[in-house]
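The lines below spell out each chain.
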Amino acid sequence: QVQLVESGGGLVQAGGSLKLSCAASLRTFSNYVMGWFRQAPGKGREFVAAISEGGGTTYYTDSVKGRFTISRDNAKNTVYLQMNSLQPEDTAVHYCAAGTGIAGPWHYWGQGTQVTVSS
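As the structure is a prediction and not an experimental result, all values here were calculated from the model. The written sequence of each chain sets the order in which its residues are numbered from 1. Confidence filtering applies because this is a predicted model: local features only for residues at pLDDT of at least 70, side-chain atom pairs given and counted only at 80 or more, and all residues used for totals across whole chains, interfaces and linings. Calculation of side-chain values draws on the structure's entire complement of heavy atoms; hydrogens and water are dropped beforehand.

**What to know about the packing of aromatic side chains**
The geometry of an aromatic ring pair comes down to the distance between the two centres and the angle between the two planes. Applied cut-off: What counts as a ring pair is set by centres within 6.5 Å for rings of Phe, Tyr and Trp (its six-membered ring), and what kind of pair is set by the plane angle: stacked under 30 degrees, edge-to-face over 60, tilted for all other angles. Helical segments are the DSSP runs of H or I of at least four residues, strand segments are the runs of E of at least two, and each set is numbered from the N terminus. When accessible area is computed with a 1.4 Å probe and restricted to protein chains, residues below 20% of their type maximum are described as buried, those above 50% as exposed, and intermediate ones as partly exposed. In this scheme, Lys NZ or Arg CZ marks a charge over a ring once it lies within 6 Å of the ring centre and within 35 degrees of the ring normal.
Following the criterion strictly, the structure yields four aromatic pairs and no others. Look at Tyr-32 and Tyr-108: their rings are 6.1 Å apart centre to centre, the planes differ by 65 degrees, and that puts the pair in the edge-to-face class. Of the two residues, Tyr-32 sits in the loop between strand S3 (18-24) and strand S4 (33-39) while Tyr-108 sits in strand S10 (residues 106-109), which places them 76 residues apart along the sequence. Residue Tyr-108 is classed as partly exposed on the basis of its relative accessible area of 29%. Between Phe-37 and Phe-47, the aromatic rings sit 5.7 Å apart at their centres with planes inclined by 80 degrees, giving edge-to-face as the arrangement. On the criterion of sequence distance, the pair formed by Phe-37 in strand S4 and Phe-47 in strand S5 (residues 45-51) is long-range, its members being ten residues apart. Accessibility expressed as a relative area gives 26% for Phe-47, which makes it partly exposed. Among the aromatic residues, those joined into a ring-pair cluster are Phe-37, Phe-47, Trp-106 and Trp-109. The ring of Tyr-80 carries Lys-19 above its face, with NZ or CZ at 4.7 Å from the centroid. Taking NZ or CZ as reference, Arg-45 lies 4.0 Å from the ring centre of Tyr-95, over its face.

**Re the state of the cysteines**
Here is the rule: Cysteine sulfur atoms are paired as a disulfide whenever they come within 2.5 Å of each other.
The tally for this structure, following the rule as stated, stands at one disulfide. Bridging Cys-22 to Cys-96, the disulfide has an S-S length of 1.9 Å. Handedness of the Cys-22-Cys-96 disulfide follows from its S-S torsion of about 45 degrees: it is right-handed. Highlighted residues: Cys-22 in strand S3 and Cys-96 in strand S9 (residues 92-99), separated in sequence by 74 residues.

**Overview of the pattern of salt bridges**
To be explicit about the condition: The salt bridge definition used is simple: a Lys or Arg side-chain nitrogen within 4 Å of an Asp or Glu carboxyl oxygen.
For the coordinates displayed, the defined rule picks out four salt bridges. Across the salt bridge formed by Glu-46 and Arg-38, the nearest N and O atoms sit 2.6 Å from each other. Under the relative-accessibility criterion, Glu-46 is labelled partly exposed at 33%. Take Arg-38: its relative accessible area is 5%, and that puts it in the buried class. In this structure, Arg-38 engages Asp-90 in a salt bridge whose closest nitrogen and oxygen atoms are separated by 2.9 Å. One end of the pair, Arg-38, is in strand S4; the other, Asp-90, is in the loop between strand S8 (78-83) and S9, and 52 residues separate them in sequence. Of the two residues, Arg-38 and Asp-90, neither departs from the other in class, the shared state being buried. It is possible to trace a salt-bridge network through shared partners that takes in Arg-38, Glu-46, Arg-67 and Asp-90.

Everything listed here is a matter of geometry and, on its own, says nothing about what the molecule does.
Here is the structure:
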């Protein structure tokens, strides 16, 4: 059974940083594009960032460019999201996902980790 388990969320003040991790029990982790999404209260799930199978290409939504960095360690079956200069509007449940393309489909999802940024 495939599992994606996120960790690293929490409460931080505006301007602070957090690093999210997502450990995947995928046998062929390096064959998957990995992505981060988030869902704020009362809003739909939105794309945040994605990274190609080998880690050489990354994609970000405009609102996080220059503040967030996605990376992966294929030897550890783990993807990361370094989040700097956090703002209250970044408050959301953050999910990782595994897919076969930057635009999807996204085949597997984690359970999410809460990120709360206070002003």
